[in-house]
Amino acid sequence: MFPSCYSKPGDGGAKRCSIAKVLLGVFVVYTLHTVWVLSGFLSTKPCDGGRGDLCITSYLAARPGLQLSVFTCLVPDNSQLNLAVKIHPFDPHSTFERQVNVSLPQETRANGSLYAVVYVHKAGISPLEDSGEVHFAAQLTAYTTPKRTEEQRDMKRPSPRSANPVSHWKPHLPISMMSEDFTFSKAAVPSDVRRYMRVSQDGQQMIYLPLLLVDELSFRVRDLMEINSSIAQLPLTVSYEGISLRGFRFSVHLQDVVYSLRQFGFSEEYVEKIKETLVGSNLYLLVVTALITALQLMCEFLALKNDISSWRKKKKMGGMSRNTVLWRSLSTLLIFLHLLEETSLLVLLPVGLGACVEVWKVFKVFNFQPQLKNSKLHVKMDEGERKTVEYDREASTYLSYLVYPLCISGAIFSLAYLHQKSYFSWLMNTLVTGVYAFGFLSMGPQLFINYKLQSVSHLQGAVLMYRGVNTLITDLCSCASFFSSSESLSSPHQLSCFRDELLFFLYLYQRRQYNPKARKRESGMHIKKLKTQ
C-alpha cells in the first residue's frame, strides 16, 4: 500500500527517509486542518429553509424581556444561592460594568472556594421557575502560592506557609453572550457551539436558548487577592458584552487552547503570556501566526532530519570547525538547562533532542581514537583534518580578541542584578544571555575555514538553508512585534534580532563563490583540453 516506506536491497537509508516523509506529511495535514478550523470561524453558513433544511432559530429573535442574575454559592448547583447582582431590564446587545461587594462565607475564609452562577432568564420570575433559563458556573477563587514580599524574596528559604497554595479572590467576572440572531441548520451546527446550545421545541419550530459564556481569558494571576479569615467582604466587578457568533466561537476555541496548554504542563507564567497575546489579537492575525509557526516547525524538523542523516554518513571531518561544533553543543545544553525551570515538557522535548544531537556530533567530529606518541595522547587525523584544525585554531584566536572583552563586560554589567536572584539563577541567566547575544560569532571559524579551503562541500547546505530561513522568519516576526507595539525589546532573543543573517548571507556568498558544481565543470573542461593537446 505504501511502497515508498520499504527499503530496497542494498539501500539501508531509503526506509528511514520514507518514514520521515510520512511524518512530514502527517504534520502538514494537521497544520492544514488547524488552519481550516480557524478559517471556518470566518464563514458559518446560515440555515436556508427554502431548501428544506431543518432550522434552529434564536430565542432572542422574539425580543423577550430578560433579566441577568449573578448568584454566589459554595457548590455550583441550585441550592443555597446568594444573590450578588441583578440586572433588570437586561439588553443582550448592551455593554455594562457593575461593581459590588460580595460577602464571603466562613468556609471560603477558612481557605475554601466560592463559585458564581450566572443566570439569564425571564424578567420578574425566579430562574429556578423558568424553563427557558440558561446559566453558567465559574469559580471566583483560585488556589495559588501567596505573593512574596521584598523581605521574603531576600530570604533563601521561604516560610512553610508561603510554600503552600491558599485561596485567592478573582476580582473580575467577565460575562459574554452571543447576541447575534443567527439561524443554524440542524445538520450543520458547529461542534464548539453545540456544547453550549440548549434547544427547546415550540410547536414545529426549534429554538435555541442564549449562548452564555464567562471569559476566562481575561483572568490574570497578578490580579488575585489573598483571602484570610479577617476579610468579610471583597469587591467584584461584573462586566457584560454582547458578541457575534464569530466572536463566540473564537472565544471558545481560545479557551480550549489555554486549557490544552495547562494539560501539557505549561507553567502559569507562560500561559499568562499566551493569554495576553491571544486577547489582543484578531482571527486573521492568528491564522497568519499558525501558518508561520507551522513553517518554522517544518523547517526545524527538516533541518534536524537532514543533519542526522548527513552526519551519520560522515567518515572524514576535514573542513569542519571543531570549535563551532563544540560551541553549538555547549550553547544548546545551556539553553536546555535554562528552559528546564521555565517551560513545559512539550517545549523541552525538541530542545532536548537537539541538544542530544549536538553532543553526539561532538563525539563524531573529534573522532576519539587516542594513540600514544612520545608518551602523549594524540587523536588520529589525516592531512585534511590537520589543516582544518590549524585554520580553526587561527580563526578562534582572532575571534577571542572580540569575544573575551564582550563576555567580561556583559558579566560585569549583569552584576547589578545579582541581588535580585540566587547565584545559580544569575549565573545561568548570564550564560544564556551571552549565548543569545554572541552566539552568532560561533559561525566565524567555520566561515574562515571555508575561505581557506575555498570550498563549502563539507557543509550540509540543506541544513543551513532550513535553519537560515527559520532564523530569518523568527527575527522578522520579532522586529514586526517590536515596531507594532510601544514596548521595548526585553528578552535576549529579541535583542539579538538579525544576529545570524549577516553570517548566513556570507555563507550564501561563499556557496556561490566556491560552488562545487562549477569547480567540477571547470576541472572537466581542463581535462578535455589536456586530452586534445
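Structural data are supplied above this passage.
Reference entry: report on the structure contained in this document. (Residues numbered from 1 in each chain as written. Predicted model: local features only at pLDDT ≥ 70, side-chain atom pairs only at ≥ 80, totals over all residues. Heavy atoms only, no water.)

## Notes on the overall build of the chain
Secondary structure summary: the chain contains 17 helices and 17 strands in total. Among the 533 residues that make up the chain, the fraction classed as buried is 37%. A separation threshold of at least 6 residues defines the contact pool for the chain, and within that pool the share at least 24 residues apart is 75%. Accessible area for the chain stands at about 32,200 Å²; split by element, carbon and sulfur atoms hold 59% of it. (Helix = DSSP H or I, 4+ residues; strand = E, 2+ residues; numbered from the N terminus. Buried < 20%, exposed > 50% of the residue type's maximum accessible area, 1.4 Å probe, protein only. Contact = heavy atoms within 4.5 Å. Areas by Shrake-Rupley, 256 points an atom, 1.4 Å probe, with all protein chains shown as cover.)

## Considerations on a nonpolar patch on the surface
The grouping of Tyr404, Ile408, Ile412 and Leu415 at the surface amounts to a nonpolar patch, some 450 Å² of accessible area in total. Position of Leu415 relative to the elements: it lies in the loop between α11 (383-414) and α12 (423-438). The exposure class assigned to Leu415 is partly exposed, which follows from its relative accessible area of 44%. (Patch = residues over 30% accessible without salt bridge, like charges linked within 9 Å, V, L, I, M, F, W, Y side chains within 5 Å. Salt bridge = Lys/Arg side-chain N within 4 Å of Asp/Glu carboxyl O.)

## Side note on the packing of aromatic side chains
All told, the structure shown has nine aromatic pairs when counted by the stated rule. Judged by centre distance (6.2 Å) and plane angle (85°), the ring pair of Tyr398 and Phe448 falls under edge-to-face. With Tyr398 in helix α11 and Phe448 in helix α13 (residues 444-453), the pair connects residues that are 50 residues apart, well separated along the chain. The lysine or arginine in question, Lys170, covers the ring of Phe219, its NZ or CZ lying 4.5 Å from the ring centre. (Phe/Tyr/Trp six-rings, centres within 6.5 Å; stacked < 30°, edge-to-face > 60°. Lys NZ or Arg CZ within 6 Å of the ring centre and 35° of its normal.)

## Considering the nonpolar core
Nonpolar side chains in soluble globular proteins generally cluster together in the buried interior. Of all hydrophobic cores here, the largest spans 33 residues; its most connected members are Leu68, Val70, Phe90, Trp169, Leu173 and Ile175. Secondary structure elements with two or more residues in this core: β2 (66-73), β3 (82-90), β4 (95-103), β5 (115-122), β6 (134-139), β9 (172-178), β13 (212-214) and β15 (233-243). Here this core gets four residues from one element, more than from any other, and that element is β15. Setting aside its immediate chain neighbours within four residues, Leu173 contacts Val70, Ala116, Val118, Ala138, Leu140, Val214, Leu236, Thr237, Val238 and Ser239. (Core = buried A, V, L, I, M, F, W, Y, C linked by side-chain atoms within 4.5 Å.)

## What to know about α13
For α13, the set of buried residues is Pro445, Gln446, Leu447, Phe448, Ile449 and Asn450. In the segment just after α13, Gln454 is the residue with positive phi, at about 55°.

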